[in-house]
Amino acid sequence: MDVSAAVRVLTGSRRILVFTGAGISVESGIPDFRGPDGLWSIVDPSVFWIDRYLSDAEARRQVWKVHAERGLSFDQVGPNPAHLAIVDLWKAHRMSGCVTQNIDGLHQAAGLPDEAVAELHGNLRRVRCLSCGAVLRLETVLERVRSGDTDPHCEACGGILKADTVLFGEVLPPVQIARAQQMADAADAVLAVGSTLSVYPAADYALEPVRRGAPLVIANLGPTDQDRWATVRLEGRAGEIVPALVEALLSERP
Ligand code: NAD
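The text that follows walks through the structure, step by step, so that each part is easy to find. (Residues numbered from 1 in each chain as written. Predicted model: local features only at pLDDT ≥ 70, side-chain atom pairs only at ≥ 80, totals over all residues. Heavy atoms only, no water.)

Side note on the sheet that holds strand 9 (residues 232-235)
Taken together, the six strands give an open sheet; going across it, the order is 3-2-1-7-8-9, and neighbouring strands pair in parallel fashion. The open sheet has two edge strands with one neighbour each: strand 3 (117-119) and strand 9. Going from strand to strand, the sheet's axes swing by 15 degrees on average, the running direction of each strand aside. Sheet strands in contact with helix 7 (residues 174-186) are strand 1 (16-20), strand 2 (95-100) and strand 3, and its direction is about 130 degrees off that of strand 3. (Pairing = 2+ DSSP bridges. Helix = DSSP H or I, 4+ residues; strand = E, 2+ residues; numbered from the N terminus. Axes fitted to C-alpha atoms, helices over the stretch in contact; angles between N-to-C directions. Contact = heavy atoms within 4.5 Å.)

This is how it looks when you write it as structure tokens:
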């Protein structure tokens, strides 16, 4: 794996914004959305609109069925070498932070502290009651779904339950947006991993520093929507590229 061009680009950077998408977690066993095995090949995306979810019990049943049958089994998925290498980069004080589109919590499972991660699309490990705000573990709710409660409601107040992830038509979580903005403002380079960079506004956090002149390294399997902005493009699997890149970068003399 030749990462030397990317090392040259990032060698002087001390505040790299690492931007990650579904592709970084594919080697952990979580399929992306747009691939042949992806979610959109088996379920109608319209049930993932917030208006449908709130008004249509059948849409909620379909969403819970997807979570129960296709959702992440957190006992079985863990961080892969790409997630772990990003922790090394953070510990070497070379990052402004990690902005992720992912909802799997694998950056924190790898060892990044919460404040180093902006989860723009929420986290699937939690479920929230939309009426009283109670927070539950996903697994607890999925046990109810699997036992036949196909549209589970809050046991305390009867409100609608929803995984703590952002559906189409919802605003992004304000705390996470503020964190992502700080990371983008501070960044002196961007490393985008495993994302088509096609989902907005998330992709804007990766592109903002680039518009100011910061270099952009894209590590992805396949093309992205922003390849024309890349200073260097690394084609291949995140689990191979990112560890090789971080190791080479951290072995450079200051
Ligand atoms: P995407 O599905 O649009 O793109 C993923 C990209 O990663 C693709 O270009 C794919 O070819 C590439 N890829 C696949 N395997 C790879 C690998 N091993 N190494 C490097 N690249 C690889 O994903 P996106 O841009 O993140 O947008 C999809 C949306 O779906 C996001 O908003 C995200 O919230 C959500 N999502 C999250 C997860 C997760 O949390 N793990 C999984 C699926 C989808």
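Focus: helix 6 (residues 138-146)
Where helix 6 is concerned, the buried positions are L138, V141, L142, R144 and V145. An end-on view of helix 6 places all buried positions within 155 degrees of arc, on one side of the element. Considering only its buried residues, helix 6 is in contact with helix 3 (57-70), strand 4 (122-129), strand 5 (135-137) and strand 6 (161-165). Positive backbone phi, at 110 degrees, marks G148, one or two positions downstream of helix 6. (Buried < 20%, exposed > 50% of the residue type's maximum accessible area, 1.4 Å probe, protein only. Arc of directions from axis to C-beta.)

Description of the side chain of H107
Residue position: H107 is located in helix 5 (residues 106-110). On the accessibility criterion, H107 (2% relative accessible area) is buried. A distance of 2.9 Å separates polar atoms of two side chains, one belonging to H107 and the other to T20. Filtering out sequence-adjacent residues up to four positions away, H107 remains in contact with T20, I24, H83, I86, C98, T100, L112 and V117. (Polar contact = N/O pair within 3.5 Å; in protein donor to acceptor, adjacent residues only side chain to side chain.)

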